[in-house]
Amino acid sequence: WYQKAAEQEHVEAQCSLGVMYENGYGVAPDYAKAVEWYQLAADQGDSEAQTSLDTLLAQHLPTDPPTPPRGSDSVNAAKNSPESNYERGNYHYSEEDYEQAFPFLEEAAKQGHAQAQHRLGHMYYYNEGADRNYAEAFKWYQLAAKQGHAEAQYNLGCMYYCVDGFGRDYAEAFKWFRLAADQGDAMAQVDLGHMYYYGRGVGEDHAKAFDVYQEAA
């Protein structure tokens, strides 16, 4: 139940899953998954999740994490594992220190870490620690989406749907919304329902729209 509710963006369920993965309650302890679920809940404004996230990250980070400048060939992040870079970058991101977060997340993304790729796309899209660049946002969303990252699939669908300099393509938007919706992403399910309802990227089908809306409800 927690997993299903958490995937539907239920904040308390996301926070509870973080607790379960952190402490091994009913599941094998998994630090990365605990961070992931705490972060999702914290992103929705849950103060308890934010506190748990900060505590967990502080326990696993050096007291003085490296802060290499962006663009340097000698960035220490290149010496770290993808997960380590993501964790460090995510820590700085959670503190809204986007300039410090960027090099770690960028390196993790280059190392193939799907969550880092999605986060980097988000930073380019929303001008967080990097100049707004829709082409770069699209690139990193797409890389993460192809690895099955549901939020990246949804955001990629939004870029195809909302133009953002790429030319609107309802068929591609439908494709990525459906992939994200199949993983339980509620926002993707809603937008997929809209596409069925209005016949965008797919034949108009009000019955199918109703079914998809019902899944998101």
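Residues numbered from 1 in each chain as written. Predicted model: local features only at pLDDT ≥ 70, side-chain atom pairs only at ≥ 80, totals over all residues. Heavy atoms only, no water.

1. Quick notes on the confidence of the model for the chain
Alright, step 1. In this model, the chain carries an average pLDDT of 83, and 83% of its residues clear a pLDDT of 70 or more.
Alright, step 2. Contacts for the low-pLDDT stretch residues 62–75, under 50 throughout, to residues beyond four places or in other chains number 18 contacts. (pLDDT = per-residue confidence, 0-100. Contact = heavy atoms within 4.5 Å.)

2. Some words on the side chain of Gln-189
Alright, step 1. Tracing the backbone through its elements, the reader meets Gln-189 in helix α11 (residues 186–198).
Alright, step 2. Looking at Gln-189, its side chain comes within polar contact range of the main-chain nitrogen of Ala-216, at 3.4 Å. (Helix = DSSP H or I, 4+ residues; strand = E, 2+ residues; numbered from the N terminus. Polar contact = N/O pair within 3.5 Å; in protein donor to acceptor, adjacent residues only side chain to side chain.)

3. Considering the nonpolar core
Alright, step 1. Ranked by internal contacts, the top residues of the largest apolar core, which has 37 residues, are Leu-105, Tyr-124, Leu-156, Phe-177 and Leu-192.
Alright, step 2. Elements supplying a minimum of two residues to this core: α5 (82–94), α6 (98–110), α7 (114–126), α8 (134–146), α9 (150–161), α10 (170–182), α11 and α12 (206–216).
Alright, step 3. Non-local contacts of Leu-156, meaning those with residues more than four positions away in its chain, are made with Phe-138, Tyr-141, Gln-142, Ala-145 and Trp-176.
Alright, step 4. Counting residues in each nonpolar core, the second largest holds 15 residues, with Cys-15, Tyr-31, Leu-53 and Leu-56 among its members. (Core = buried A, V, L, I, M, F, W, Y, C linked by side-chain atoms within 4.5 Å. Buried < 20%, exposed > 50% of the residue type's maximum accessible area, 1.4 Å probe, protein only.)

4. So, the packing of aromatic side chains
Alright, step 1. Taken as a whole and assessed by the stated rule, the structure comprises 11 aromatic pairs.
Alright, step 2. Judged by centre distance (6.5 Å) and plane angle (45°), the rings of Tyr-125 and Tyr-141 are tilted. One end of the pair, Tyr-125, is in helix α7; the other, Tyr-141, is in helix α8, with 16 residues separating them in the sequence. Pair check on accessibility: Tyr-125 and Tyr-141 agree, each one buried. (Phe/Tyr/Trp six-rings, centres within 6.5 Å; stacked < 30°, edge-to-face > 60°.)

5. Points about the packing of helix α3 (residues 31–43) against α5
The angle between the axes and the distance between the axes are what describe a pair of packed helices.
Alright, step 1. Between α3 and α5, whose axes approach to 12 Å, the crossing angle comes to 25°. As the angle between them shows, α3 and α5 are arranged roughly parallel. Crossing of α3 against α5: the hand is left-handed. Contacts from Tyr-31, Ala-32, Val-35 and Gln-39 of α3 reach α5 at Glu-83, Glu-87, Asn-90 and Ser-94.
Alright, step 2. A class-by-class count of the residues in the contact of α3 with α5 yields three nonpolar, three polar and two charged. (Axes fitted to C-alpha atoms, helices over the stretch in contact; angles between N-to-C directions. Parallel < 35°, antiparallel > 145°, perpendicular 65-115°, else oblique. Left-handed = near helix turned anticlockwise from the far one by under 90°. Nonpolar A, V, L, I, M, F, W, Y, C, P; charged D, E, K, R; others polar.)

6. Some thoughts on the environment of Phe-104
Alright, step 1. Mapped onto the fold, Phe-104 is located in helix α6.
Alright, step 2. In sequence terms Phe-104 and Pro-82 are 22 residues apart; their C-alpha atoms lie 8.8 Å from each other.

7. Quick look at unusual backbone geometry
Trans is the prevailing form of peptide bonds, just as negative phi is the prevailing case for residues other than glycine.
Alright, step 1. One non-glycine residue with positive phi stands out, namely Glu-96, at about 60°.
Alright, step 2. With respect to the helices and strands, Glu-96 occurs in the loop between α5 and α6.
Alright, step 3. According to the relative accessible area criterion, Glu-96 is exposed, its value standing at 60%.
Alright, step 4. The phi dihedral of Asn-127 is positive, around 60°, even though this residue is not glycine.
Alright, step 5. Residue classification places Asn-127 among the partly exposed positions, given a relative accessible area of 40%.

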